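Residue-level structural notes
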Amino acid sequence: MSHPLPISPPEGAPRRLMLIDAFKAVASQLIVLHHLAFYGPMSDWTHRLVPDLVAWFSQDARMAVQVFLVVAGFLAARSLAPNGVLAPTLSPARLLWQRYARIALPYTAALLVAMLCTELARQWMEHDSLPERAEFWPFVWHALLLHTLLDVGSLSAGVWYVAIDFQLYALLLGLLWISRGVRGPWPQVLVAVGVLASLFHFNLDADWDAWALYFFGAYGMGVLSGWATRNPAAWREGRWPMAALLALVFLALALDFRARIALALVVSAVLAAAQLHGWLTTWPRGRAVAYLGRISYSVFLLNFPVALVVNALFTRYGSADPLVQTLGVLLAWLACNLAGAAFHHAVEQPLSRLGRSPRPAFSAPVPAAVPVPPGSSTP
């Protein structure tokens, strides 16, 4: 995917966005803990020891997905149209293929691992968290990122996000493409209209949650905050339209408060301030956080099947004791991160390079290389 940032990178080298790494590191760990609390029998035992903590991870920690949505939109703005306009030399079809190759190829490989892990876990336990046995066509629909639209039973927890991420990218790319030859800030206007349509209508109806428009409020806020703060001049020109949009977002929350949208708004504001004031690439420093941010997509993809296997092992061989089962939860958390790190280096990085044009060392990344999953943060 992308290489670690030296303290002083060579001139012209892409620098890591350290705040983005931190957001993804924290959000991915919250998703892992959410899955550990929500699925599998071990968490039922842990609930006896710390009921409030398990309940919070089970119900509230899933809002970390909003962080991924905002970050993806913010990076898409920097990547596809850093000046707010899609460059005429860029091919939308090629960009869409690059996006698909970047996220769907590692994801499809992770699905194969998930199916194997599910069958292995099935040998040791019976539990309602086990997905149904995979068949050919459901796997194909998953690989083509159509499973949410066709209401196909999920082969692994959280894989709906990958399909939604691709839809959001395609929607943004379409808005940029249709406004490419028009004078004026039409891309920003179209994205703002999409944000408001999502917040005032689509996001209020759970029947739309298989479609990008349901999530475009959070994603679009990331896009607009990225454009508005790309430089001081852009901020001077765009601060009043952004203030008007912000007022409408507050109105949407006043009419129907949604904690997930409020979180997305806060994340957007933090990213905007960080970019405008220059600390997006400098804070927080830390190799561990940067590394967890880099491997976050692989951890996201593999955490559920790995946790299933650990759950099955402790169900079959562990004693019926809350402390023993809680130890299983902690071991599963560690195993999810180790498996994600191995998958990142052995599978995600090689596969995600397919379909991308080669580029010289230390040159700017190709436009589709940035806003991808929870796993990349070079500008």
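Below, the structure is looked at part by part. (Residues numbered from 1 in each chain as written. Predicted model: local features only at pLDDT ≥ 70, side-chain atom pairs only at ≥ 80, totals over all residues. Heavy atoms only, no water.)

So, the overall build of the chain
Keep this limit in mind: Secondary structure is summarised from DSSP: a helix means a run of H or I of at least four residues, a strand means a run of E of at least two, and numbering begins at the N terminus for each. Using a 1.4 Å probe on the protein chains alone, a residue whose accessible area is under 20% of its type maximum counts as buried, one over 50% counts as exposed, and one in between counts as partly exposed. Residue contacts are defined here by distance: any two heavy atoms, one from each residue, within 4.5 Å place the two residues in contact.
A tally of helices and strands in the chain yields 14 helices and zero strands. Counted from the first residue to the last, the chain has its helices and strands arranged as α-α-α-α-α-α-α-α-α-α-α-α-α-α. In the chain, buried positions account for 53% of the 379 residues. Relative to all contacts within the chain whose residues are 6 or more apart in sequence, the contacts with residues 24 or more apart total 79%.

Here we look at the packing of helix H9 (residues 212-228) against helix H11 (residues 259-277)
In plain terms, the rule: To get an axis, fit a line to the C-alpha atoms, keeping to the stretch in contact for a helix; angles then go from 0 to 180 degrees between the N-to-C directions. In these notes the angle categories are as follows: under 35 degrees is roughly parallel, over 145 is roughly antiparallel, 65 to 115 is roughly perpendicular, and the rest is oblique. Helix crossings are classified by the rotation of the near helix relative to the far one: an anticlockwise turn of less than a right angle makes the crossing left-handed, while a clockwise turn makes it right-handed. Each residue gets one label: Ala, Val, Leu, Ile, Met, Phe, Trp, Tyr, Cys and Pro are nonpolar, Asp, Glu, Lys and Arg are charged, and the others, such as Gly, are polar.
Two numbers describe how H9 lies on H11: the axes approach to 8 Å, and their chain directions differ by 15 degrees. Comparing their axes, H11 and H9 come out roughly parallel. Seen along the crossing, H9 lies across H11 with a hand that is right-handed. Where H9 abuts H11, its residues Tyr-214, Ala-218, Met-221, Gly-222, Ser-225 and Gly-226 lie against Arg-260, Ile-261, Ala-264, Leu-265, Ser-268, Ala-272 and Gln-275. The residue makeup of the contact of H9 with H11, split by class, is seven nonpolar, five polar and one charged.

Brief notes about the layout of surface pockets
For the record, the criterion: Here a cavity means grid points, on a 1 Å grid over the protein atoms only, where a 1.4 Å probe fits yet cannot get out; a pocket means an open set of points with protein on both sides within 12 Å along at least five of seven lines; lining residues are those with an atom within 4 Å of a point. Grid points are joined across faces, edges and corners, and a volume is the space filled by probe spheres set on the points.
The calculated volume of the largest pocket comes to roughly 940 Å³. For the largest pocket, the lining is made up of 35 residues, of which Tyr-39, Arg-62, Gly-158, Trp-160 and Asp-209 are closest to its centre. Within the residue set of the lining of the largest pocket, elements represented by two or more residues are helix H1 (18-38), helix H4 (65-80), H9, H11 and helix H13 (296-317). The leading source of residues in the lining of the largest pocket is H9, at five residues.

A closer look at empty space enclosed by the protein
Vacant regions in the atomic arrangement are exposed by a probe of water-molecule size rolled over the atoms. Per the stated rule, a full pass over the model turns up two cavities of 30 Å³ or more. If you add up the space inside the largest cavity, you get close to 40 Å³. Surrounding the largest cavity, His-35, Leu-36, Tyr-39, Gly-40, Phe-304, Ala-307, Leu-308 and Asn-311 form its lining. For the lining of the largest cavity, the secondary structure elements donating two or more residues are H1 and H13.

Regarding unusual backbone geometry
Look at the link from Trp-283 to Pro-284: it is a cis peptide, with omega at -5 degrees. A positive phi angle, near 60 degrees, is found at Leu-145, a position not held by glycine. Looking at the element boundaries, Leu-145 is found in the loop between helix H6 (136-143) and helix H7 (160-178).

Here's the deal with helix H8 (residues 186-200)
Quick reminder of the rule: Multiplying 1.5 Å by the helix residue count minus one yields the expected span of that helix. This arc corresponds to the set of directions leading from the helix axis out to the C-beta atoms.
For H8, spanning 15 residues, the distance from its first C-alpha to its last is 21 Å, which sits close to the expected 21 Å at 1.5 Å a residue. Residues of H8 that are buried: Pro-187, Val-191, Ala-192, Gly-194, Val-195, Ser-198 and Leu-199. Relative to the axis of H8, the buried residues are bounded by an arc of 160 degrees and lie together on one face.

Things to note about the side chain of Asn-303
What counts here: Pairs of N or O atoms within 3.5 Å make up the polar contacts considered here, provided that, within protein, one atom can donate a hydrogen while the other can accept it, and that residues adjacent in sequence are counted only when both atoms are side-chain atoms.
Following the sequence through the fold, Asn-303 ends up in helix H13. The class for Asn-303 is buried, based on a relative accessible area of 0%. Within polar-contact distance, the side chain of Asn-303 engages the side chain of His-35 at 2.8 Å. Other than its neighbours up to four places away in sequence, Asn-303 contacts Ile-31, Val-32, His-35 and Cys-336.

Remarks on the packing of aromatic side chains
Stated precisely, the cut-off is as follows: To pair, rings of Phe, Tyr and Trp, with the six-membered ring standing in for Trp, must have centres within 6.5 Å; the planes then decide the type, stacked if under 30 degrees apart, edge-to-face if over 60, and tilted in the middle.
In total, this model carries 17 aromatic pairs according to the counting rule given. Linked through ring pairs, Phe-68, Trp-160, Tyr-161, Tyr-214, Phe-215 and Phe-300 together constitute an aromatic cluster.

Concerning the pattern of salt bridges
Spelled out, the test is: Only one rule defines a salt bridge in this text: a Lys or Arg side-chain nitrogen within 4 Å of an Asp or Glu carboxyl oxygen.
Within this structure, the stated rule accounts for four salt bridges. Two residues, Arg-99 and Asp-165, come together in a salt bridge whose shortest N-O distance is 2.7 Å. Of this pair, Arg-99 sits in helix H5 (residues 92-122) while Asp-165 is found in helix H7, placing the two residues 66 residues apart along the sequence. Each member of the pair Arg-99 and Asp-165 is classed as buried. Several salt bridges share partner residues, and in doing so they unite Glu-119, Arg-122 and Arg-133 into one network.

Let's talk about the nonpolar core
Keep this limit in mind: We call a set of buried residues a nonpolar core when its members are Ala, Val, Leu, Ile, Met, Phe, Trp, Tyr or Cys and they connect through side-chain atoms within 4.5 Å of each other.
Membership of the largest hydrophobic core comes to 95 residues, with the highest contact counts inside it found for Tyr-107, Leu-172, Val-191, Tyr-219, Trp-227 and Leu-271. No other element matches H4, which puts 12 residues into this core. With residues up to four places along the chain from it excluded, the contact list for Leu-271 reads Leu-19, Ile-20, Phe-23, Val-70, Val-71, Phe-74 and Leu-280. Counting seven residues, the second largest nonpolar core, distinct from the first, contains Ala-121, Met-125, Leu-130 and Ala-157.

Quick word on the environment of Leu-175
Among the structural elements, Leu-175 can be located in helix H7. Among the residues examined, Leu-175 registers a relative accessible area of 15% and is labelled buried. Residues Leu-175 and Leu-86, 89 residues apart in the sequence, show an inter-C-alpha distance of 9.5 Å. Not counting residues up to four positions away in its chain, the partners in contact with Leu-175 are Leu-190, Val-191 and Phe-216.

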